Every structure is written in C-alpha cells, then in structure tokens.
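Below are the chains, spelled out letter by letter.
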Amino acid sequence: MEVEDLSINFETLYGTLKVLNGVNFIINEGEIVGLVGESGCGKSTFALSIMGLLPPQAKLMGGKIYFQNSEINVLDEKFMEKIRGRKISMVFQEPLTSLNPILTIGEQLMEAIKIGSDKKDVKKEEALKWLKRVGIPDPERTLKRYPHELSGGMRQRIMIIMALATKPSLLIADEPTTALDVTTQAQILKLMKNLVKENKVSVLFISHDLGVIAQIADRVAVMYAGKIVEESKIFEIFENPLHPYTKDLLSSIPKLEGKSEKLPTIKGSVPNLLNLPEGCIYHTRCKYVMDNCKVKEPELKEYLTKRKVACFLY
Ligand code: SF4
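Calculation rules
Residues numbered from 1 in each chain as written. Predicted model: local features only at pLDDT ≥ 70, side-chain atom pairs only at ≥ 80, totals over all residues. Heavy atoms only, no water. Helix = DSSP H or I, 4+ residues; strand = E, 2+ residues; numbered from the N terminus. Rg over C-alpha atoms; globule rule 2.2 N^0.38 Å. Buried < 20%, exposed > 50% of the residue type's maximum accessible area, 1.4 Å probe, protein only. Lys, Arg positive; Asp, Glu negative; His and termini not counted. Charge placed at Lys NZ, Arg CZ, Asp CG, Glu CD. Patch = residues over 30% accessible without salt bridge, like charges linked within 9 Å, V, L, I, M, F, W, Y side chains within 5 Å. Areas by Shrake-Rupley, 256 points an atom, 1.4 Å probe, with all protein chains shown as cover. Salt bridge = Lys/Arg side-chain N within 4 Å of Asp/Glu carboxyl O. Near = heavy atom within 4 Å. Nonpolar A, V, L, I, M, F, W, Y, C, P; charged D, E, K, R; others polar. Contact = heavy atoms within 4.5 Å. Polar contact = N/O pair within 3.5 Å; in protein donor to acceptor, adjacent residues only side chain to side chain. Axes fitted to C-alpha atoms, helices over the stretch in contact; angles between N-to-C directions. Parallel < 35°, antiparallel > 145°, perpendicular 65-115°, else oblique. Pairing = 2+ DSSP bridges.

Asks: What should I look at first to understand the overall build of the protein in this one?
Replies: Helices and strands together make up the secondary structure of the protein, namely eleven helices and twelve strands. Relative to the 2.2 N^0.38 estimate, which gives 20 Å for 314 residues, the radius of gyration of the protein is 20 Å and therefore close to what a compact globule would have. Taken along its principal axes, the extent of the C-alpha atoms in the protein is 65 × 50 × 40 Å. Counting across all 314 residues of the protein, residues that qualify as buried make up 48%. Side chains of the protein carry 43 positive and 39 negative charges; the gap between the two charge centres is 2 Å.

Asks: Sorry, what's going on with unusual backbone geometry here?
Replies: Most peptide bonds are trans, and most residues other than glycine sit at a negative phi. Located in the positive-phi region is E175, a residue other than glycine, with phi close to 45°. A positive phi angle, near 55°, is found at K200, a position not held by glycine. Within the secondary structure, K200 is located in the loop between α8 (182–198) and β8 (202–207). Taking the relative accessible area as the measure of exposure, K200 reaches 66% and is therefore exposed.

Asks: Would you take a moment to explain a nonpolar patch on the surface for this structure?
Replies: On the surface, L13, Y14 and L274 cluster together into a nonpolar patch covering about 430 Å² of accessible area. Relative to the helices and strands, L13 is located in the loop between β1 (2–12) and β2 (15–26).

Asks: Teacher, can you tell me more about the site of the ligand here?
Replies: As a structural note, the neighbourhood of the ligand is formed by H243, P244, C280, H283, C286, Y288, C293, P298, C311, F312 and L313. In terms of residue class, the shell around the ligand is built from nine nonpolar, two polar and no charged.

Asks: Looking at this structure, how should I read helix α11 (residues 244–251)?
Replies: One turn of the α-helix equals 3.6 residues, which is why residues spaced by three or four share an orientation. Most of α11 sits out of view: six of its eight residues are buried. Contacts made by the buried residues of α11 are with β3 (32–36), α9 (210–214), β9 (219–224), β10 (227–233) and α10 (234–239).

Asks: Honestly, the side chain of E175 in this entry has me stumped. Any pointers?
Replies: Examined against the element boundaries, E175 turns out to sit in the loop between β7 (170–174) and α8. The charged side chain of E175 is buried without a salt bridge, its nearest counter-charge being K43 at 4.0 Å. Within the structure, the side chain of E175 is placed 2.7 Å from the side chain of T178, a separation counted as a polar contact. Reaching out from E175, the side chain makes a polar contact with the backbone nitrogen of H208 at a distance of 3.0 Å. Setting aside chain neighbours within four positions, we find E175 in contact with K43, Q93, I206, S207 and H208.

Asks: I keep staring at the packing of helix α4 (residues 105–117) against helix α5 (residues 124–133) and nothing clicks. Help me out?
Replies: Helices that pack against each other are described as a pair by the angle of their axes relative to one another and the distance between those axes. One way to put it is that α4 packs onto α5 with a least axis distance of 10 Å and a crossing angle of 100°. Of the possible angle classes, the one that applies to α4 and α5 is roughly perpendicular. Listed contacts from α5 to L109, M110 and I113 of α4 are K124, E126, A127, W130 and L131. Along the lines of polarity and charge, the residues of the contact of α4 with α5 split into six nonpolar, no polar and two charged.

Asks: It is not clear to me how the side chain of H283 should be interpreted in this structure. Could you clarify?
Replies: Residue position: H283 is located in the loop between α11 and β11 (301–303). Of the residues examined, H283 reaches a relative accessible area of 16% and is grouped as buried. A polar contact is formed between the side chain of H283 and the backbone oxygen of E278, at a distance of 3.2 Å. In contact with H283, other than residues within four places in its own chain, are P277, E278, V289, C293 and K294.

Asks: I'm lost on the sheet that holds strand β12 (residues 307–309) in this one. Help?
Replies: What holds strands together in a sheet is hydrogen bonding between their backbones, with the strands either parallel or antiparallel. Strand order in this open sheet of eight strands is β6-β7-β8-β3-β9-β10-β12-β11, and the pairing throughout is mixed. At either margin of the open sheet sits one strand with a lone partner, and together these are β6 (88–91) and β11. Each strand axis lies, on average, 25° off the axis of its neighbour in the sheet, ignoring direction. When β7 meets β8, the two strands line up parallel, connected through five bridges. Across the sheet, the residue bridging to L170 is S202, located in β8. Helix-sheet contacts for helix α7 (residues 152–165) involve β6 and β7, and the interaxial angle to β6 is about 175°. Seen against the sheet, α11 touches β3, β9 and β10 and runs at an angle of roughly 105° to β9.

Below is the structure:
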C-alpha cells in the first residue's frame, strides 16, 4: 500500500477542517506499521480513506492511493466493495458495532472463511480451528453463541480471526485493544502479531498509545494535525526519538522503574484544524521553536538510514 500526498478536508457548519494535509505513507508486504498520534490528529480519517469509507462531509483534495501496484479509486463504491472485507479488512475498537447481533458467532465466522476460501460450503471444523488458535474456551459452544453473550476480550479475538479468515493482504486495526484491560490487551496484541506474521498479512495498526504500538509494530509513523512528522523503526523511536513531538509523546508514557512522579503532559493543545498555524504545525507547542519555524514548513525528509523527520533541527 502506498499513499501519495493525500489531503482531505471536512466541510462543516463552522468552516473547512483540514483533516489530512499531504500524507505520504508506505506499508510493505508482511510489515506491521503503527500510526500514532493524539485523538483528532487524523489517524482514523486516514484509515477510513484507505477503505473508501469516508463520511459525506469529507472532500478528497488531492493525492493517490496505490494497492498492490494499482491505483485505487476510493470514491468508486462498486470498486471498493470488491476489495473491502476481502483484500483489505478492518478491526475496530468496539466489536459489538461490527459483529451482527442477530447471527451466531459460528454463522459469522463461517461466512468470513467462505469469503477467504471461495468455497460454497465451509466445514464447522475450519471455524473450530480458528477459535482454538486464539484460545477461545469451549469452542463448540462458542460457535452457537451470540456476540452479546461473550466478554469484550473474546469478541475482539473473534473480530481479529474473522478479519484474517477472509485472507486479506492488508489489515487495518483502529485502536483494537483500547477498550480492554492491560492484561487482555497484551494477550490480544501477542496473538494478533503471531497470526498476521504466520499469514503474511501487512498491517496498519492505529493507536494513540506508543506503548501499545511498541508491542506489535515493526515501524511507526507519528501523526500530528493531519501530517506525518516522523517515521522510524520502532526500536529507533524509543532509543532516539527525533521530532520534538515524538519526544514529548514518549515522555508522557509511564515507566516501570523509578520513583512515581507526576507524568509530564504536552503543553498547549492540538491546533485548530479550521485554522492551522503557519510554518511548522508543531511550533505553538515546541520547546525548540526558532524564528524560521513560524514562517516556513519543514518537509518530511530522509534522515540517516531510512528514518524520516519533518523538523528544521535535522
Ligand atoms: Fe520545533 Fe521547529 Fe522542529 Fe517544528 S521545525 S518541531 S517548531 S524545532
């Protein structure tokens, strides 16, 4: 998947919101890429644009999206129907809104397996195999149960295997573990990582939490006010963050060692998308701001080996 210079505005009663501003992004085959940023920075709009699921107030201002070397037209609903849920699958934060409440888990899972295998009939054993792979207790009984009868963690496991059973090339996971407790979250992330690596699926994993992304991603892109400001391998981001925003995000993650102290927060707030600041979009909050930053916009440029950063400090 390659996204080139994608810009999206939302027309609202209050004016035009510049939600995505020239996003360039690549996900290689079999790679898990994290997309991190505060809420409202454009992460979910980015995911919805790839799926062709933008709300009616969204306006595509420019840019191209390529998938498996062909350009995809996200505005062509018929075309998108062919790839959505087949070549590209999605897992959302709240599985209750994605699972059908009036169908059993077995009916829904078998339908997903049918899509992935192009078979007319799917044996129950195949569905049981998927449930066992993600440690669902009493899988025979679970097949006959309805979504509301399962716990949040179980439902999320079901959503993940349903998304993978369709045999997609790309899986988009938007905050898939945010509603879960930390232990269940860690179990599900481990499971998801194993499953996607086994099935050689590429993943776009969206979260506001760098700590969560660290548990699953190979590479991470940091988004701020609809722009990618840094892109690096996950260990490089933790060892040596480059962009001042990434540094601020990292310092607000709780650490296991050391005395318990109040965590620093990032001063100021995310800029108003109705009226983005001139120059560098982070200059209103940046500790290192220089005169130049207030008038000129830094480009996302390669730095050292395969790292990218949009900041005049580099
Ligand atoms: Fe801070 Fe300037 Fe870098 Fe922007 S370009 S992040 S304001 S130092």
